[in-house]
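Chain residues, written in single-letter form:
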Amino acid sequence: MQSALRSVQAVARRTASTATAGKRLTIGLIPADGIGREVIPAARQVLEALPSSVLAARVGFVDLEAGFEHFQKHGEALPEETLVALRSDCDGALFGAVSSPSHKVAGYSSPIVGLRKKLDLYANVRPVVSGAAATASGARRAIDMLIIRENTECLYVKDEQLHEGPDGKYAVAKRRISERASRRAGEMAFAMALQRDGMRRLAGDADRTWKGRPKVTIVHKSNVLSVTDGLWRETVRSVHAGNSAYHAGVDVEEQLVDSMVYRMFREPDAFDVVVAPNMYGDIISDGAAALVGSLGLVPSANVGDNFVVGEPVHGSAPDIAGRNIANPIAAIRSAAMLLERTGHAAAALAIYRAVDCVLAAGNVRTPDLGGSSRTSEVADEVCKHL
């Protein structure tokens, strides 16, 4: 099996020639629901504003449909035409947000979960970075944490049944943890730990937040779920033990999921790369967003061997949809992650730096960050700093 590092490099190699030869880079755009229809256009605006000095490729876009609103109109949340276009016409994609209902709706299934499965996007990569974040203890600590969330199974296989018993109704949900999925997530985590260490060495000590050796924290609850989480824990540890580069170059530790949440809020600077099963990773990464100010700041990338979908961590936020006040930073950073993983590192770096400049200046901020700026104003400001 390929290591996760080779997987990421394979994706980069597949389109790296595009950047140098000035060919076309085609990105599928799936705004989906709610504020996705505002933040994805903002990300597109920034991509279109990139100067040719950092992105030689000609960027093209394919507008695609998916989401609960599409399901309500057409009876399908993830049209087959969208999947065909992604596979045949696109080098990567951006997904906005989905308004999945909290109750069962006959025939409906989350389109982002479907995309992850159909395109085999087996890892969700979520960076959580802040120069000085406030913690639960009141201290301010710099954070540079990367959360790797297994993306295809756990309870999110959505195999649930409702039964009638002598004491009334009861529900049963099946949880799937496989050796293959656990191994691929572990490979991604250890490979990314080494890759991040290489980037930090290039940056120099002055710009490093994490000063120690690369470290991977394996999150589980195998003291209770000894079979499923036991398999997860043992498989991820075997990735470390079975690879000489990982064994020599990366420290490994374990954290029960409940104590992980506690420690993350008390001492977030204690973590480098965190790898978790699907549901734990979902909860941890959303919680970690509170450490850096807002879900509107946190990007992610759904990564497979052959495709990448950038996705802001936030939801569809129907309460503010259509008001032009949603924070587009997470979507813009997700676009940068997409560029980074398709071989366009210089363009990604330009976006990261532009966003950092806007956040540091602090004069253009959406309401979630205490400001009054519009979504469009933030996108304009980022473009000015490119």
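Everything numeric here is computed off the predicted structure, so don't read it as measured data.

Definitions and cut-offs
Residues numbered from 1 in each chain as written. Predicted model: local features only at pLDDT ≥ 70, side-chain atom pairs only at ≥ 80, totals over all residues. Heavy atoms only, no water. Axes fitted to C-alpha atoms, helices over the stretch in contact; angles between N-to-C directions. Helix = DSSP H or I, 4+ residues; strand = E, 2+ residues; numbered from the N terminus. Parallel < 35°, antiparallel > 145°, perpendicular 65-115°, else oblique. Left-handed = near helix turned anticlockwise from the far one by under 90°. Contact = heavy atoms within 4.5 Å. Core = buried A, V, L, I, M, F, W, Y, C linked by side-chain atoms within 4.5 Å. Buried < 20%, exposed > 50% of the residue type's maximum accessible area, 1.4 Å probe, protein only. Salt bridge = Lys/Arg side-chain N within 4 Å of Asp/Glu carboxyl O. Nonpolar A, V, L, I, M, F, W, Y, C, P; charged D, E, K, R; others polar.

What follows concerns the packing of helix α2 (residues 36-49) against helix α11 (residues 329-341). Where α2 contacts α11, the axes come no closer than 8 Å and their chain directions differ by 50 degrees. By the angle class used here, α2 and α11 are oblique. With respect to the hand of their crossing, α2 and α11 are arranged in right-handed fashion. Residue-level contacts link Val39, Ala42, Ala43, Val46 and Leu47 of α2 to Ala331, Ile332, Ala335 and Leu339 of α11.

Moving on: the nonpolar core. Leu47, Leu94, Ile148, Val216, Val275, Ile351 and Val382 are the most contacted members of the largest nonpolar core, which totals 61 residues. Here the element with the most residues in this core is α11; it accounts for eight residues. In contact with Leu47, other than residues within four places in its own chain, are Ile27, Phe61, Leu94, Ala335, Leu339 and Ile351. Grouped together as the second largest cluster of nonpolar side chains are 23 residues, Phe68, Leu86, Val98 and Leu119 included.

Further remarks concern the environment of Ile218. Of note, Ile218 is situated in strand β8 (residues 215-220). Taking the relative accessible area as the measure of exposure, Ile218 reaches 0% and is therefore buried. Each C-alpha atom of the pair Ile218 and Ile148 lies 9.9 Å from the other, and the pair is 70 residues apart in sequence. With residues near it in sequence (within four places) discarded, Ile218 still touches Trp232, Val236, Arg237, Val252, Glu253, Glu254, Gln255 and Val275.

In this section: the pattern of salt bridges. This model, assessed by the stated rule, comprises 21 salt bridges. With its nearest N and O atoms 3.0 Å apart, the salt bridge here joins Arg213 to Asp251. Remark: Asp251 occurs in strand β9 (residues 251-256) and Arg213 occurs in the loop between α6 (179-203) and β8; sequence separation between them is 38 residues. Residue class for Asp251 comes out partly exposed when judged on its relative accessible area of 32%. The closest approach of N and O atoms between Glu254 and Arg237, which form a salt bridge, is 2.7 Å. Of this pair, Glu254 sits in strand β9 while Arg237 sits in helix α7 (residues 228-241); the two residues are 17 residues apart in sequence, bridging distant segments of the chain. The partly exposed category is assigned to Arg237, whose relative accessible area is 31%. The network of salt bridges with common partners includes Arg37, Glu65 and Glu69.

Once that is clear, we can look at unusual backbone geometry. Residue Cys154 is not a glycine yet carries a positive backbone phi of 65 degrees. Mapped onto the fold, Cys154 is located in strand β6 (residues 154-165). One non-glycine residue, Asn324, lies in the positive phi region at around 60 degrees. The residue Asn324 is located in the loop between β12 (308-310) and α11 in this model.

A few words now on the packing of α11 against helix α12 (residues 345-361). Running from N to C, α11 and α12 cross one another at 160 degrees; their axes reach a closest spacing of 7 Å. Viewed along their axes, α11 and α12 adopt a mutual orientation that is roughly antiparallel. By crossing handedness, the relation of α11 to α12 is classed as left-handed. Across the interface between the two elements, Ile329, Ile332, Arg333, Ala336, Met337, Leu339 and Glu340 from α11 touch Ala345, Ala347, Ala348, Ile351, Tyr352, Val355, Asp356 and Leu359 from α12. Split by residue class, the contact of α11 with α12 holds 12 nonpolar, no polar and three charged.

The analysis is restricted to geometry; functional conclusions fall outside its scope.
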